Amino acid sequence: MNFPLFISTYLEEALGKAGFASVDILSQIRASTDSKFGDYQFNGSMGLAKEAKIPPRKVAEKIVEFFALPEFLEPVEIAGPGFLNLRIKPQWLAGKIQEMAADPRLGVLQPAKVKTFVIDFSSPNVAKPMHVGHLRSTILGDSLARTLRFFGHTVITDNHLGDWGTQFGIILYGYKHMLDEEAFKREPVKELARLYVEVRKLFKTAEEIAKGVVDPVQNACRDETAKMHKGDQTNLELWRKFMPVCLSEIDLIYQRLGVRFDYTYGESFYQPFLNKVVQDLSASGLARESEGALAIFLTEDSTPALVRKSDGAFTYMTTDLATIQYRVERWHPDAILYVVDSRQSLHFSQLFQIAHQWLGQQTRLEHEAVRLAKEVYQAAYHQEGETQSKESLEDLNRVGEVVGIGAVKYADLCQNRTSDYVFNWEKMMAMEGNTATYMQYAYARNRSIFRKGGFNPDDYRNSSIPVLLETAEERGLALQLFRFEEALTLSLVDNKPSQITLYLWDLAKAYSVFFQNCPVLKAPNEEIRQSRLLLCDLTARVLKQGLELLGISVLEKM
Ligand code: ARG
């Protein structure tokens, strides 16, 4: 249950009756960090006090005076400067746990309005090694898709592959000038990667170019790309030859991560639409000629966004505009979420403004910016010829697939999406701590209780077993279980799966305290034993479901 949302209507009424201005009540209701302060706290009195020009404590007293105490709450306490401590009655909580146990959706309600989301994520560049930003985008985007789907929304996942870019000019040049045919026959992807790296080495540095040094190789690569874009037969045939081998390599990564896409419409897919898009943009007056190029000036003094370069080539922006138009016309989404590297923030902010002006549509466009890695990691990654993330994935061979993949995903997801990321195997796989390994272990140990006692977990998935919350530890665990929906909702507010990991960690801790203090198989009597088995089974189900939303599997035995 989403308790803050539920209780906010009661508080709103009290606030209204007490004559206070309406505030954002929901954001002021928090789960208490210490049970001393109840289960939830309302922290809005301080803000209201400023406006009403009376002390916060007085505000709190007035709210309590007008608060029609619902039967599921203990009398409200006022603490400190004016916090309201809300404490749920154990019987009511026990009833909610019983309902949850009987519900395959674990108490998570479908939203009143089902929405359609397109999620653009992963989107690596074909024929270039995937970097850690793509890996993060893949893991995060997949988790967002799973969570939105679990709520009952319609989700379309689309992998916007970079399959038409200048990297092809580089491998086309390499293929024509420095191919090792035998190597290409044996291991085509490896040979293409080698060509990419070798050709890049021939490029002049940025400083040299700034000094006016000519760069024949880079120019030749550019020509190869341009020829391909213009429909040159040889280059297109080579592109068709390279694509499947490159894609099968990328697919291996998705398979191991357990990630799949509804669509993989890469940049090449939109090429047939680009002429029309550009015509439209200039006919509507949005784009105009500027130094031979076609540009959109969002404000007179900001850098314009080019939709056609002076050499006639279309841009990343042009393709992205065509993509939005296509998605809107085909799926009519309420929102399109882009899970992409934060370095592209400027691109997306321009893209969204242009799209809204051009199509005038109501679709929400959001950039879920993903930060890359700490400099240390980035440096290591560049030195090793941009292959670090691939190698790290290969390391996974050495450890259990489920545990290893879970560890990587969890470590990534429990970071704030916009914080830096350091790769640290030891920390990621720690048995104690906020890691997937710990959650998986807690799950497996939980399952072994049922095997050991000869109990069938299915027998605890109905509402006929009385739930007894007599000890603080049982109550503490029940309260965490009860918060599942609330945690999932929070994770969708800012599209941050870290809210789910945070919740799972609290749940795992509450479970461990319960387990240490409340004997299950050796409970004092049969009634308590049944109730504790139910709490155990529900914990296992919530852990499993929560991990599944992160794209992480569990094992029945470890
Ligand atoms: N291929 C791009 C890159 O690796 C990311 C694409 C993101 N999606 C988009 N619609 N622009 O930088």
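Look above for the structure.
So, how was this worked out
- Residues numbered from 1 in each chain as written.
- Predicted model: local features only at pLDDT ≥ 70, side-chain atom pairs only at ≥ 80, totals over all residues.
- Heavy atoms only, no water.
- Helix = DSSP H or I, 4+ residues; strand = E, 2+ residues; numbered from the N terminus.
- Buried < 20%, exposed > 50% of the residue type's maximum accessible area, 1.4 Å probe, protein only.
- Contact = heavy atoms within 4.5 Å.
- Areas by Shrake-Rupley, 256 points an atom, 1.4 Å probe, with all protein chains shown as cover.
- Expected span 1.5 Å × (residues − 1).
- Arc of directions from axis to C-beta.
- Phe/Tyr/Trp six-rings, centres within 6.5 Å; stacked < 30°, edge-to-face > 60°.
- Lys NZ or Arg CZ within 6 Å of the ring centre and 35° of its normal.
- Pairing = 2+ DSSP bridges.
- Axes fitted to C-alpha atoms, helices over the stretch in contact; angles between N-to-C directions.
- Core = buried A, V, L, I, M, F, W, Y, C linked by side-chain atoms within 4.5 Å.
- Polar contact = N/O pair within 3.5 Å; in protein donor to acceptor, adjacent residues only side chain to side chain.
- Patch = residues over 30% accessible without salt bridge, like charges linked within 9 Å, V, L, I, M, F, W, Y side chains within 5 Å.
- Salt bridge = Lys/Arg side-chain N within 4 Å of Asp/Glu carboxyl O.
- Left-handed = near helix turned anticlockwise from the far one by under 90°.
- Nonpolar A, V, L, I, M, F, W, Y, C, P; charged D, E, K, R; others polar.

## Description of the overall build of the protein chain
Phase 1 of the analysis: From N to C terminus, the protein chain includes 23 helices and 11 strands.
Phase 2 of the analysis: Once the C-alpha set of the protein chain is aligned to its principal axes, its extents read approximately 80 × 60 × 40 Å.
Phase 3 of the analysis: For the protein chain, the residues scored as buried account for 50% of the 558 residues in total.
Phase 4 of the analysis: Considering only contacts within the protein chain whose residues lie at least 6 apart along the sequence, 72% involve residues at least 24 apart.
Phase 5 of the analysis: Here the protein chain displays about 25900 Å² of accessible surface, and carbon together with sulfur accounts for 52% of that area.

## Some thoughts on helix α5 (residues 132–151)
Phase 1 of the analysis: End to end, α5 covers 29 Å across 20 residues, agreeing with the expected 28 Å (1.5 Å per residue, within 8%).
Phase 2 of the analysis: Burial runs high along α5: 18 of the 20 residues are buried.
Phase 3 of the analysis: Once α5 ends, the next one or two residues include G152, with phi positive near 110 degrees.

## Structural notes on the environment of I54
Phase 1 of the analysis: If you trace the backbone, I54 turns up in the loop between α2 (45–52) and α3 (56–66).
Phase 2 of the analysis: On the basis of relative accessibility, which here comes to 32%, the residue I54 falls in the partly exposed class.
Phase 3 of the analysis: Sequence separation of I54 and L534 is 480 residues, and the distance between their C-alpha atoms is 48 Å.
Phase 4 of the analysis: When neighbours within four sequence positions are excluded, I54 is seen to be in contact with F20, A49 and V59.

## Digging into α2
Phase 1 of the analysis: When we look at burial in α2, the residues that qualify are S45, L48 and A49. Buried residues of α2, seen end-on, are gathered within an arc of 105 degrees and therefore sit on one face of the element. For α2, the exposed residues set more than 90 degrees away from the buried face come down to K50 and E51.
Phase 2 of the analysis: Packing partners of the buried residues in α2 comprise α1 (3–17), β2 (40–42) and α3.
Phase 3 of the analysis: Positive phi shows up at K53, right after α2, with a value of about 55 degrees.

## Quick look at the packing of aromatic side chains
Phase 1 of the analysis: Under the defined criterion, the tally for this structure stands at 38 aromatic pairs.
Phase 2 of the analysis: Aromatic side chains F3 and W92 sit 6.4 Å apart centroid to centroid with 65 degrees between the ring planes, which places their arrangement in the edge-to-face category. Residue F3 is located in helix α1, and its partner W92 is located in helix α4 (residues 90–101); the two are separated by 89 residues in the primary sequence.
Phase 3 of the analysis: Pairing Y338 with F348 gives two aromatic rings, centres 4.9 Å apart and planes at 45 degrees, and the pair type is tilted. Of the two residues, Y338 sits in strand β10 (residues 335–341) while F348 sits in helix α14 (residues 345–359), which places them 10 residues apart along the sequence. Each member of the pair, Y338 as well as F348, is classed as buried.
Phase 4 of the analysis: The ring of F297 has R288 lying over it, and the distance from NZ or CZ to the ring centre is 4.2 Å.

## Quick word on the sheet that holds β10
Phase 1 of the analysis: Strand order in the open sheet formed by 4 strands is β6-β5-β10-β11, with parallel pairing between adjacent strands. Looking at which strands have only one partner, the edges of the open sheet turn out to be β6 (154–158) and β11 (364–370). Each neighbouring strand pair of the sheet contributes to a mean axis angle of 20 degrees, computed without reference to strand direction.
Phase 2 of the analysis: With 5 bridges connecting them, strand β5 (residues 116–120) and β6 associate as parallel partners. The partner of T116 across the bridge, within β6, is T154.
Phase 3 of the analysis: The sheet contacts of helix α13 (residues 316–331) involve β5, β6, β10 and β11, and relative to β10 the element is tilted by about 145 degrees.

## Regarding the nonpolar core
Phase 1 of the analysis: Core analysis: the biggest nonpolar cluster contains 131 residues, and I63, I97 and F482 have the highest contact counts within it.
Phase 2 of the analysis: Residues in contact with I63, not counting those within four places in the same chain, are L11, A14, L15, F20, F42, S45, L48 and L84.
Phase 3 of the analysis: Judged by nonpolar contacts, the second largest core, of 31 residues, contains L274, L281, A322 and Y338.

## Observations concerning the environment of E368
Phase 1 of the analysis: With respect to the helices and strands, the residue E368 is situated in strand β11.
Phase 2 of the analysis: Here N495 takes part through its side chain, which lies 2.9 Å from a polar atom of the side chain of E368.

## Some thoughts on the sheet that holds strand β8 (residues 293–296)
Phase 1 of the analysis: Judged by pairing direction, the sheet is antiparallel, and its 3 strands sit side by side in the order β7-β8-β9 without closing on themselves. The open sheet has two edge strands with one neighbour each: β7 (287–290) and β9 (305–308). Geometrically, the sheet is characterised by an average inter-axis angle of 45 degrees between neighbouring strands, direction not taken into account.
Phase 2 of the analysis: The pairing of β8 with β9 spans 3 bridges and is classified as antiparallel. Note on β9: the bridge partner recorded for L294 is R308.

## With respect to a nonpolar patch on the surface
Phase 1 of the analysis: Judged by side-chain polarity, M431, Y441 and M558 come together as a nonpolar surface patch covering roughly 270 Å² of accessible area.
Phase 2 of the analysis: One can find M558 in the segment after α23 (526–549).

## Here we look at unusual backbone geometry
Phase 1 of the analysis: The phi dihedral of S122 is positive, around 75 degrees, even though this residue is not glycine.
Phase 2 of the analysis: Topologically, S122 is positioned in the loop between β5 and α5.
Phase 3 of the analysis: At S123, a residue that is not glycine, the phi angle is positive and equals roughly 40 degrees.
Phase 4 of the analysis: Inspection of the secondary structure puts S123 in the loop between β5 and α5.
Phase 5 of the analysis: For S123, a relative accessible area of 16% puts it in the buried group.

## Some words on the packing of helix α20 (residues 472–482) against α23
Phase 1 of the analysis: At a minimum axis distance of 11 Å, the contact between α20 and α23 shows a crossing angle of 35 degrees. α20 and α23 meet at a crossing whose hand is left-handed. Here E474, L477, A478 and L481 of α20 lie close against α23, whose contacting residues are I528, R532, L535, L538, T539 and V542.
Phase 2 of the analysis: Within the contact of α20 with α23, the residues separate by chemical class into 7 nonpolar, 1 polar and 2 charged.

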